Every structure is written in structure tokens, then in C-alpha cells.
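# Structure at a glance
Here's the letter readout for the chains.
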Amino acid sequence: FFTGGCSYPRQQGFDCIGYKKTCEDCPQGIANSHEILKDKLRMGDVDLYGVAVSTASLNMMKQSSVLSGKECELIPFPLEEIPVSLKSRDENKDAFGIPRDKFVMFWGSTQPECPRKGRDYLDKALNHLYELLKERDIDTDKFLLVTAGPPSILEFNQSQPFNCKQVGYVRTREQLADMYKLADVGLQTTIEDAGPMMCAECLANNTPLVSFSDCVAKDVIDDGNTGYIVDTFKYKEFAESILKVFLSEEDMGRNASLSCGEFNNTESVKQKWEDLFTKIKGKK
């Protein structure tokens, strides 16, 4: 709602800052983007408030032409909406026919072909991880990539070196929770997102997460303890972070739900909304 028509400035892989200005010469080809944003800017006198669900999206709001100088608040989604698997990691591996001794790396997307989801960077990171394992003489067969979502045009077995189990579209969020729980690490390569939900869903199921930084990861990952936050696009650091999870002497997922539970605490979310409404009423 603060751009000239795109959901995300990096939707197609462009590093666009048009929303900070006037949205002219849209790289995504939105023909009337400038007029759309100009219409929004005409409403400058409206008592408008921005509400973001993550620090990343809050920062974008504050830098946008539409909300520059307006009051913007950070109010997360409540964690109670997220299903949690009641089975152990080993039990979930058994259910999906995955050997318990495999180190499972989980990646999923309903839009695997969308450049914003970072599939290209996932492939680059996994290829680099393979090289790192070879250098350390670590058995690469211990690693298994598990993916969820629609089939990709380019099969994962063609684009990266690890064995891959593609489970396809997961029909319920409860089944998705089981998949998060069977993983030893979640991989989040989205280039830009207000969420994504994967961050909280993965951590809520006590699975450590390695994630690019331009999303809610900064709010929910205890960096170095429940996962790693990697600067977006830096796929080599992403690979190194996966290796750190594998080499960790402790289960990094043991407190993962706590690291996101505080940020997404339901009572805290309710209070933030009440405080915002009180602030708005007090100005009338």
C-alpha cells in the first residue's frame, strides 16, 4: 500500500527504490506506477498510520514516500495461530521414510519459480556447502534436502549436488508442522518479505533456521543460538551457516520456539493494538 503497485520492490529480483521516490520507470513494468503513487501522495493530509509485522517492513514503511513522516508501528502476528508438531524429530523422519541419521535441510515455497523466493541463491548455497564438506572430508551422503511445494521447472537434483526428497504440495498446516519438525535445519532464502511465515513456523517447531536478513528473521532468530541471520544474497555465508548448525555440539533447535515466542506473544500483540487505538483516539 505504499508502493506504485508492486507487492515487493524486489519481486522480480530488482533492487528497486522507486517507492522511496515517485515510482517512475518501474523495472517490473507496471505501466501506471507513477500515477498510482502520485494519487497516494495527494492524500498527505490523511491521518494515516502504518502497521508493520516485522522490523524489515517497518523500515521500508518509514523510508517510503507515502509514509515518510507518518507514525508507523511494529505489531507482529500472534504465535498461537501456528500449528506445532507433537511428535519428535525422529518420529517425523520415520513417518516420511527418512533415515534418522540423515541431516535434513528443509526448503519450501508455493512459488518456487518466483525470483523473490531465492531459489537461485539456495542452489548456489548448497553447491558451496558441498565444496565445504569435501574440504573437511565430511560425508556428503549424510545430508538430505527435503522440499515442499509445487514441482519446479528445474528439478533440485539437477541444480545442486545433494540427494533431494520432494514431497510436493503439503495440504494442511499440521502436516507442514510435521515437516518442519523432521528437519535438522530450515532454509529461508526469500530476498524480501514482510514475513515470511516460514520463519516463525520453523522456529515454533524447535527447528533452527538459517535465513536471509530482509524479512522477519531479525525479529525471531536468536542469531548464533537458534539459527543464523545472513545478509541477503550472500550465499557463501549462508552455506557456512548451515555447516555451523551441522557441527554444533548442541541442538540449536532446543530453544528455538522461545526465540520467536517472545516477539509473537499473543498478549503483547493485543496490548500493542490497544496502545495504538488509544493513541489515535487521544489525537481526535
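Described below are features of the structure shown in this document. (Residues numbered from 1 in each chain as written. Predicted model: local features only at pLDDT ≥ 70, side-chain atom pairs only at ≥ 80, totals over all residues. Heavy atoms only, no water.)

On to the environment of Thr22. As for its position among the elements, Thr22 is in the segment before helix H1 (33-41). By relative accessible area, Thr22 is classed as partly exposed at 32%. Considered as a pair, Thr22 and Glu73 are 51 residues apart in the sequence and their alpha carbons are 23 Å apart. Setting aside anything within four residues of it in sequence, one finds Thr22 in contact with His34 and Leu37. Reaching out from Thr22, the side chain makes a polar contact with the side chain of Glu24 at a distance of 3.0 Å. (Helix = DSSP H or I, 4+ residues; strand = E, 2+ residues; numbered from the N terminus. Buried < 20%, exposed > 50% of the residue type's maximum accessible area, 1.4 Å probe, protein only. Contact = heavy atoms within 4.5 Å. Polar contact = N/O pair within 3.5 Å; in protein donor to acceptor, adjacent residues only side chain to side chain.)

To continue, consider helix H6 (residues 173-182). With respect to burial, H6 is a largely interior element, seven of its ten residues being buried. In this structure, the buried residues of H6 make contact with helix H3 (89-95), strand E3 (103-108), strand E4 (143-148) and helix H7 (197-204).

Before going further, it helps to examine the sheet that holds strand E6 (residues 185-188). Read across the open sheet, the six strands follow the order E5-E4-E3-E6-E7-E8; overall the sheet is parallel. Edge positions in the open sheet fall to strand E5 (163-166) and strand E8 (227-230), since each of these has one partner strand only. Averaged over all pairs of adjacent strands, the angle between strand axes in this sheet comes to 20 degrees, irrespective of strand direction. Bridging between E3 and E4 involves six bridges; their strand directions are parallel. Residue pairing across strands places Met105 opposite Leu145, the latter belonging to E4. (Pairing = 2+ DSSP bridges. Axes fitted to C-alpha atoms, helices over the stretch in contact; angles between N-to-C directions.)

When you line up the elements, Cys199 lands in helix H7. As for Cys199 and Lys234, which are separated by 35 residues in sequence, their C-alpha atoms are 18 Å apart. Apart from residues no more than four positions distant in its own chain, Cys199 is found in contact with Gln188, Leu209, Ser211, Cys215, Val216, Ala217 and Val220.

Side chains of Met43, Val46 and Leu48 sit close together on the surface and give an oily, nonpolar patch of about 240 Å² of accessible area. Counting through the fold element by element, Leu48 comes out in the loop between H1 and strand E1 (49-52). Exposure remark for Leu48: the relative accessible area of 32% places this residue in the partly exposed category. (Patch = residues over 30% accessible without salt bridge, like charges linked within 9 Å, V, L, I, M, F, W, Y side chains within 5 Å. Areas by Shrake-Rupley, 256 points an atom, 1.4 Å probe, with all protein chains shown as cover. Salt bridge = Lys/Arg side-chain N within 4 Å of Asp/Glu carboxyl O.)

A full pass over the atoms with the stated rule returns 15 salt bridges. The residue Glu73 makes a salt bridge to Lys279 at a minimum N-O spacing of 2.5 Å. Of this pair, Glu73 sits in strand E2 (residues 71-74) while Lys279 sits in helix H11 (residues 266-282), placing them 206 residues apart in sequence. The salt bridge partner of Asp90 is Arg100, with a shortest N-O separation of 3.8 Å. Of this pair, Asp90 sits in helix H3 while Arg100 sits in the loop between H3 and E3, and the two are ten residues apart along the sequence. Owing to a relative accessible area of 48%, Arg100 belongs among the partly exposed residues under this scheme. Salt bridges sharing partners connect three or more residues here, namely Glu71, Glu73 and Lys279.

Let us now look at unusual backbone geometry. Here the residue pair Gly195 and Pro196 is connected by a cis peptide bond, since its omega of -5 degrees sits within 30 degrees of zero. With respect to the element layout, Pro196 can be found in the loop between E6 and H7. Its identity is not glycine, yet Asp137 carries a phi of approximately 60 degrees, on the positive side. Position of Asp137 among the secondary structure elements: in the loop between helix H4 (119-135) and E4. For Asp137, a relative accessible area of 72% gives the class exposed. One non-glycine residue, Asn206, adopts positive backbone phi at about 55 degrees.

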